[in-house]
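# Fold and geometry: a report
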Amino acid sequence: MAEQVADIALIGLAVMGQNLILNMNDHGWVVCAYNRTTEKVDKFLASEAKDTKIVGAHSLQEMVAKLKKPRRIMILVKAGAAVDGFIDKLIPLLDKGDIIIDGGNSEYQDTQRRCQQLAEKGLLYVGSGVSGGEEGARFGPSLMPGGHKEAWPHIKDIFQSICAKSDSEPCCDWVGEDGAGHYVKMVHNGIEYGDMQLICEAYHLMKTGLGMDCDEMSEVFTKWNQGELDSFLIEITANILKFKDTDGTLCQQDCVICSRFYAVERGCS
Ligand code: 2AM
């Protein structure tokens, strides 16, 4: 029988999953990494996870055997059928009181249904919103866990160690029962997209209505960021508008502000 070395397992080695694992490792947790396509486990262990305490598994059985009890398993895969697929495969491998956490972008009604399904099996289920993108996952996401509250004491230390901090307060607390975590994430996204729409409209008015260039618009957003609009989105909009292409020219794409967000992160194309 494999040694129970891992504090938590994480299923799904896309960028978000890999970065959350590396973040957990930085905070002293031993994570067991698993992915449907197991070549990605080997690739991850040989590259980003090299010389860390991260361990890997090539089957769910091997993964479960490596976990301390109660087992904590976080799933970060494509929302929908893939989540149900893993839950169905995990159920027969787990013991009562073990915890499954879905950190993907599931619809909250799916999380409600899964809470009920797992309660009937004596397993604990948590649906957690994760916000902050790839960078957040790596260095401090905002986490919004909800579901079976009995799970919270078992995951609190991990979640609150890896999350972002605001004035040293963790950006993570228990948000409620059932699908509350994913519901809060949905509301959070609604506010964020509403905010982005307002920024896009301000950009559009300045550009086409007032004929301002990117540097002038950047100055306006910089000023706005010093007043009551002070926020992450206003700040990055100012930076995006200041951004110069690697060949020294301004990004001239007639794009909405969102693709300019990508331009800063990925280099303007
Ligand atoms: P993969 O690497 O084997 O494709 C993001 O796509 C993550 O979700 C990846 O880890 C991917 O695994 C996983 N994923 C997507 N669809 C899946 C499915 N139907 N079953 C299992 N994992 C899936």
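Residues numbered from 1 in each chain as written. Predicted model: local features only at pLDDT ≥ 70, side-chain atom pairs only at ≥ 80, totals over all residues. Heavy atoms only, no water.

## Focus on the overall build of the protein chain
Across its full length, the protein chain holds 11 helices and nine strands. The principal-axis extents of the C-alpha atoms in the protein chain amount to approximately 70 × 40 × 35 Å. The long-range share in the protein chain, meaning contacts at least 24 apart out of those at least 6 apart in sequence, stands at 62%. A total accessible area of about 13,700 Å² is found for the protein chain, and carbon and sulfur atoms account for 52% of it. If you average the places of the 27 positive and of the 39 negative side-chain charges in the protein chain, the two averages end up 7 Å apart. (Helix = DSSP H or I, 4+ residues; strand = E, 2+ residues; numbered from the N terminus. Contact = heavy atoms within 4.5 Å. Areas by Shrake-Rupley, 256 points an atom, 1.4 Å probe, with all protein chains shown as cover. Lys, Arg positive; Asp, Glu negative; His and termini not counted. Charge placed at Lys NZ, Arg CZ, Asp CG, Glu CD.)

## Observations concerning helix H8 (residues 180-209)
Look at H8: 42 Å from first C-alpha to last across 30 residues, which is about the 44 Å you get at 1.5 Å a residue. Listing the buried residues of H8 in full gives Ala180, Gly181, His182, Lys185, Asn189, Met196, Ile199, Cys200, Ala202, Tyr203 and Met206. One or two steps after H8, the chain reaches Gly211, where phi turns positive at roughly 65°. (Expected span 1.5 Å × (residues − 1). Buried < 20%, exposed > 50% of the residue type's maximum accessible area, 1.4 Å probe, protein only.)

## What to know about the nonpolar core
Core analysis: the biggest nonpolar cluster contains 32 residues, and Leu10, Ile21, Met24, Phe44, Met74, Ile101 and Phe159 have the highest contact counts within it. Counting only elements with at least two residues in this core, the list comes to strand E1 (8-11), helix H1 (15-26), strand E2 (31-34), helix H2 (39-46), strand E5 (99-102), strand E6 (124-131) and helix H7 (152-162). The element that contributes the greatest number of residues to this core is H7, accounting for five residues. For Ile101, the contacting residues outside a window of four places in its chain are Ile8, Ile73, Met74, Ile75, Val126, Ser128, Ile155 and Phe159. (Core = buried A, V, L, I, M, F, W, Y, C linked by side-chain atoms within 4.5 Å.)

## Examining the site of the ligand
Taken together, Gly12, Leu13, Ala14, Asn35, Arg36, Thr37, Lys40, Val77, Lys78, Ala82 and Phe86 make up the full set of residues near the ligand. Residue Thr37 places a side-chain N or O atom 2.4 Å away from an oxygen atom belonging to the ligand. When the free accessible area of the ligand is taken as 480 Å², the share hidden by the protein chains comes to 73%. Among the residues making up the shell around the ligand, the classes are represented as five nonpolar, three polar and three charged. (Near = heavy atom within 4 Å. Polar contact = N/O pair within 3.5 Å; in protein donor to acceptor, adjacent residues only side chain to side chain. Nonpolar A, V, L, I, M, F, W, Y, C, P; charged D, E, K, R; others polar.)

## Topic: the UniProt feature "active site" (unreviewed entry) in the protein chain
Under the present numbering, the feature "active site" (unreviewed entry) in UniProt falls on Lys185. Inspection of the secondary structure puts Lys185 in helix H8. Excluding residues that lie within four positions of it along the chain, Lys185 makes contacts with Asn105, Gly129, Val130, Ser131 and Met144. A distance of 3.1 Å separates a polar atom in the side chain of Lys185 from the backbone oxygen of Val130. (UniProt positions renumbered as here; feature names shortened; annotations may be inferred.)

## Brief notes about the pairing of E2
Neither face of E2 is open: one carries Val31 and Ala33, the other Cys32 and Tyr34, and all of them are buried. Of the pairings in the sheet, the one linking E1 to E2 comprises four bridges and is parallel in character. Along E2, the bridge assignment pairs Ile11 with Tyr34. In this region the chain leaves E1, passes through H1 and returns to the parallel neighbour E2; the handedness of that crossover is right-handed. As for the winding sense of the linkage, the β-α-β connection from E2 through H2 to strand E3 (residues 55-56) is right-handed. (Pairing = 2+ DSSP bridges. Right-handed = clockwise from strand over helix to strand, strands pointing away.)

## Examining the packing of helix H4 (residues 81-90) against helix H5 (residues 108-119)
One can describe the packing of H4 onto H5 by two numbers: an axis separation of 12 Å at closest approach and a directional angle of 5°. Judged by the inter-axis angle, H4 sits roughly parallel to H5. Residues Val83, Asp84, Ile87 and Asp88 of H4 lie in contact with H5, whose contacting residues are Arg113, Arg114, Gln117 and Leu118. Partitioned by chemical class, the residues of the contact of H4 with H5 number three nonpolar, one polar and four charged. (Axes fitted to C-alpha atoms, helices over the stretch in contact; angles between N-to-C directions. Parallel < 35°, antiparallel > 145°, perpendicular 65-115°, else oblique.)

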